[in-house]
Amino acid sequence: MVASAIEARRGAGSRPFGRALLVVAAFVAGCDSGPPRGADPMRGGDSLAAAEAELRAERAYADGVRQADSAAHASVDERNRYGGTIVVSGRNDIQTLNPLVATDMESVQHQAYVLFTPLVRSGPDFEPLPWLARDWTIDPEGDRITFHLRDDVFWHDGVPVTAADVAFTWERVVDPAVPFFNPAYFDAWEAVEVLDERTVRFTVRPRSNLLYGWAVTAILPEHILGDVPPDQLATHPFGTVSPIGSGPFRFVERVPGDRWVFEANPDFPEGLGGRPYADRLVYRQIPEDAAAEAALRTGEIDMIVDADPVSARRLAADSGLVVTSYPSAEYSLIAWNTRREPFDDPEVRRALTLAIDRESIARVVRGTYGSVSAGPVGPWHWSWDPGWEPLPFDPDSAGRLLDRAGWTDADSNGVREKDGKPLGFELYSTPRQAWQNVAAIVQANLADVGVVVEPRAREQAALIPLVTSPDRRFDAFLVGWSRDVPLDDRDLWACDRVDDPMHFTGWCLPELDAVLDSMQVVPDRESLARLTRRYESLVADAQPYTFLYNVDTILARRAGLRGVEADARGTWASVAHWWLDPESRR
Amino acid sequence: MGLGRALVAGSGVETLIRYVGSRLLQAIPLLIGVVTLVFVILHLAPGDPTAIWFNPSIPPEVLERMRESMGLDRPLYEQYLHWLKSFLTGDFGYSYSQFRPVSEVIGDALPNTLLLGGVCLIVVFGIGMAVGAWQAVRRHSAADSMLTFVTLFLYSMPGFWLGLMLILAASTWLGWLGLPVSGMTSVDHSLLGPLDRISDIAGHLVLPTIALGLGSAAGVTRYVRGEMLEVLGQDYMRTARAKGLTERTVILRHALRNALLPVVSLLGLYLPLLFGGALVIEVVFSWPGMGRLMYDAVLARDYPLVLAASFLFAVLVIAGNLLADVLYALVDPRVRHA
């Protein structure tokens, strides 16, 4: 399979675009967190023009969807949008809705938009907007912030949500006995004072994205959890059996391994949008992509969250279904272990990046639902600069750089050497089909410039110790992960954290340290964006990572499900305004 | 079959109880051996439970604290002894990938797997015995040849592939049947009346049962056909016909009963196969059972959950074998009439 990939790439000299995506590789049982997906990169043949035509068709399709949705909005009276059960499926179950321990995207989304009313809400650019807090004031010195809470938000058992709940939540998330996963959200929050039932004041230090943590961390009910010892909060059944929230939907039941069921909260304040349109909202886990696709076609579910690009193509062709996408915080990369030769040489790393055809990789793995990544900040983030270009695909320059670094093919065997040592490395990844496809393309690309790549697949739990343990027994690995809104990448790059688990590359730069430190404390967005630019350019110069592609999250839904306006905040940001065409209700 | 002979020699019930008791006693070291082996293999595998939180935004200190709270910082033998001690006192531990006690997690999933496996077993042996016997009676007919071809075809078909094909069919040209393709209950299950609930689950059982059971049913069919053919060639069959019994009585009472004896022992062998197959089929059909639980738990390195689930699988397999032995003794007429 890998050999044939090289043949196809060398023979045709063209990009494995387009049609390749129609080749289904999904019918094989998977070995890691996600079922296998992606296309067969071995079917090359389409030209760049075809790929562009495809992107145009994609855009035309998206316009059509928007028009149909707005037509439906215009024709169905607001009163007729209430009712029905909306069923959404994803690959993973929501294991807990306990805000203190949940880390998965689905859980955080359900906390922020379905079950709870957080203190603030993120706008489309992640700017903090009033939510449970109807407003806030910051002292002139900037070290105290006072929140004024709404008086019409209630826990689903009827008890009002008060300043005491906010203070309680903060006290727990910063408690060392609680394994809260994002302590950085609140590390600038130093003390709390409840002024009255609806007013709470915090002492803070300067911090960028100061309020973001409050948008994604649900307020906890003190009247239910107040007596639970902090070290037992993580294992308390509140999050798994009987969550009581304060949001637009109330918890109804959970069938473990299958679904969570919520119902509309009729008492949700008018000022926050009032009762949601849907009577019931269901989240179902369907781990197998083919089964989710079938369930969507049979009407068992109304929407697939994070559909794979291959089935997205097929689903978009179905007139009863609609496929949309939005830029997600996920990107993928190759991390080079700069502690080892030849990756300690920035010129070699740059050459490797130049020699890898990232556009083809993005197209093969993501189809039209992704883009080439130029650095640590993607199109989903407010500080993204569309003018920031990735390094080009330029095998000739790559060859020249490698020559200059002393890696030449003196014996003309197709592999470069230096001091008698051939230029080659092992490329680790998990066995997911998408990674295998990427690895095959990287292997073929680098073979063209005389570098031997040996792809190595390791299941995730086995790969992690390999790349995080102090001896770092790896050359390079392929990985994808999701970013968080506050761009705190000191774990990845800081010179004083070189031995920390996440410092995969071992590459660091004192100037970058200063930039990253400043990025955590500058209060205004303009300065933050400027620092982010500097961060990007320092990393681009050194190429400790080869950035591959950004991922768009794909939503496939029945056409009768309306009002799904998803953006980088996530699929559920608009959930209270989702509605079903009257004839689409079950 | 030691039990058969023991029963023939001894006095029925008492011998049976003594036999079952001794088999259960033998099972105890076996079970401890199984979980110990699983414990060792799990810890030999690279990675630990914190792998599921692999994310640059989670600080290493938090993960270290998680490791401590799971006892992963202690020496392996200490972890083992600690785990074994709580396990023997009925404390299965806490599942860190599910955020719930292991006993609760398994309590939710086990009945679902037993339901799927049980229904499957009934279907497998029901179809297998009926079709196999019918084929033997009509041996060498066109229908027999055709069924032989079909059963061999089904027998060699992988269950997960068949499952995916069924899902595809149910969502396209078999869509008019309205068969659910995922899960065990409809989303409005809790709002249904008792009868509707049963038919709801029955509907959800159809496709996974076919996917899980069809291959096994084909295997049993082949086996029963062979046994039947052998029995039909015996002298006592001629005797039965010579007595003037109807062909129906000859086949059902004399031939089938004798042919089923070895089939019963097959039951014990098929139990582990069904539970093993459930591991894949449950993922394909989103069935909330033990197979899927175990699959996720292994990937998440959720040690307590994997250990408890392996223990249960081992118990089921041992119990299945014991059941087969006991059934064998009970249906053997030589035993019954002793």
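Residues numbered from 1 in each chain as written. Chains lettered and ligands numbered in written order. Predicted model: local features only at pLDDT ≥ 70, side-chain atom pairs only at ≥ 80, totals over all residues. Heavy atoms only, no water.

Engineer: Can you break down the environment of B:S95 residue by residue, with the values?
Structural biologist: Residues and elements named next belong to chain B. If you trace the backbone, S95 turns up in strand β1 (residues 94-95). Residue S95 is classed as buried on the basis of its relative accessible area of 0%. On a C-alpha basis, the gap between S95 and P304 in space is 6.3 Å, while along the polypeptide they are 209 residues apart. Ignoring sequence-local partners within four residues, the contact set of S95 consists of R100, V102, V105, D302 and L305. (Helix = DSSP H or I, 4+ residues; strand = E, 2+ residues; numbered from the N terminus. Buried < 20%, exposed > 50% of the residue type's maximum accessible area, 1.4 Å probe, protein only. Contact = heavy atoms within 4.5 Å.)

Engineer: Lay out the interface of chain B and chain A in plain terms, naming residues and giving numbers.
Structural biologist: Taken together, the 50 residues of chain B in the interface contact 58 residues of chain A. At the boundary of chain B with chain A, total buried surface from both sides reaches about 4,300 Å², with 64% on carbon and sulfur atoms. When the shortest N-O distance is used, the salt bridge between B:R301 and A:E459 registers 2.8 Å. Taken together, chain B and chain A are joined by 9 residue pairs in polar contact (both at pLDDT 80 or more). Of all the secondary structure elements, the ones that give two or more residues to the side of chain B that touches chain A are α3 (60-69), α5 (102-137), α7 (159-171), α10 (247-284) and α11 (290-299) of chain B. At 6 residues, α7(B) tops the list of elements feeding residues into the side of chain B that touches chain A. (Buried area = accessible area lost by both parts, 1.4 Å probe. Salt bridge = Lys/Arg side-chain N within 4 Å of Asp/Glu carboxyl O. Polar contact = N/O pair within 3.5 Å; in protein donor to acceptor, adjacent residues only side chain to side chain.)

Engineer: Tell me about the packing of α5(B) against helix α8 (residues 194-232) of chain B, residues and numbers included.
Structural biologist: Residues and elements named next belong to chain B. At their nearest, the axes of α5 and α8 sit 5 Å apart, and the two run at 35° to each other. Judged by the twist between their axes, the crossing of α5 over α8 is right-handed. Considering only residue class, the contact of α5 with α8 consists of 23 nonpolar, 7 polar and 1 charged. (Axes fitted to C-alpha atoms, helices over the stretch in contact; angles between N-to-C directions. Left-handed = near helix turned anticlockwise from the far one by under 90°. Nonpolar A, V, L, I, M, F, W, Y, C, P; charged D, E, K, R; others polar.)

Engineer: Any details on the sheet that holds strand β4 (residues 133-138) of chain A? Residues and values, ideally.
Structural biologist: Residues and elements named next belong to chain A. Here we have 4 strands laid out as an open sheet, ordered β4-β5-β7-β6, and antiparallel in their pairing. In this open sheet, the two strands that pair with only one neighbour each are β4 and β6 (189-196). Shown here is a sheet whose adjacent strand axes are inclined to one another by a mean of 20°, direction ignored. Bridge count for strand β5 (residues 144-149) against strand β7 (residues 199-204) is 5 bridges, and the pairing is antiparallel. When the bridges of β7 are listed, R144 appears paired with T203. Strands in contact with helix α4 (residues 163-173) are β5, β6 and β7; relative to β6, the strand with the most contacts, it is inclined by about 165°. (Pairing = 2+ DSSP bridges.)

Engineer: Outline the environment of A:F251, listing residues and values.
Structural biologist: All names here are of chain A. Its place among the elements puts F251 in strand β8 (residues 249-255). Taking relative accessible area as the criterion, F251 reaches 18% and is therefore assigned buried. Along the backbone, F251 and W170 are 81 residues apart, and their C-alpha atoms lie at a distance of 23 Å. Once residues lying within four places of it in the same chain are set aside, the contact partners of F251 are L115, H156, V241, S242, P243, W260, V261 and F262.

Engineer: Break down the state of the cysteines for me, with residues and values.
Structural biologist: In protein structure, a disulfide is the covalent linkage between the sulfur atoms of two cysteines. Residue and element names in this part refer to chain A. The tally for this structure, following the rule as stated, stands at 1 disulfide over all chains. Two residues, C495 and C508, share a disulfide whose sulfurs are 2.2 Å apart. Linking C495 and C508, the disulfide has an S-S dihedral of approximately 105° and is accordingly described as right-handed. With C495 in the loop between α14 (490-493) and α15 (510-521) and C508 in the loop between α14 and α15, the pair connects residues that are 13 residues apart, well separated along the chain. (Disulfide = S-S within 2.5 Å.)

Engineer: Could you give an account of the packing of aromatic side chains, naming the residues involved and the relevant values?
Structural biologist: A ring pair, where both rings are aromatic, is described by two values, the distance of the centres and the angle of the planes. Residues and elements named next belong to chain A. Applying the stated criterion across every chain yields a total of 39 aromatic pairs over all chains. Centroid distance F474 to F477: 5.3 Å. Interplanar angle 80°. Geometry classified as edge-to-face. Relative accessible area serves as the criterion here: at 1%, F474 is assigned to the buried category. Among the aromatic side chains, those forming a connected cluster through ring pairs are F126, W136, F147, W170, F180, Y185, F186, W189, F202, Y212, W214 and W380. Above the face of the W131 ring, R121 is positioned so that its terminal group lies 4.6 Å from the ring centre. (Phe/Tyr/Trp six-rings, centres within 6.5 Å; stacked < 30°, edge-to-face > 60°. Lys NZ or Arg CZ within 6 Å of the ring centre and 35° of its normal.)

Engineer: Tell me about the pattern of salt bridges, and please be specific about residues and values.
Structural biologist: Residue and element names in this part refer to chain A. Tallying each qualifying case throughout the model produces 48 salt bridges over all chains. Ionic pairing is found between R297 and E293, a salt bridge with its closest N-O pair at 3.2 Å. Taken as a pair, R297 and E293 lie in helix α7 (residues 289-298) at a separation of 4 residues, close to a single helical turn. The salt bridge involving D302 is made with R558; its shortest N-O contact spans 2.5 Å. You can see D302 sitting in the loop between α7 and β11 (303-305) and its partner R558 sitting in strand β19 (residues 545-558), a full 256 residues away along the chain. One network of salt bridges, with partners in common, ties together D69, R557, R562 and D581.

On their own, these measurements won't tell you what the molecule is for.
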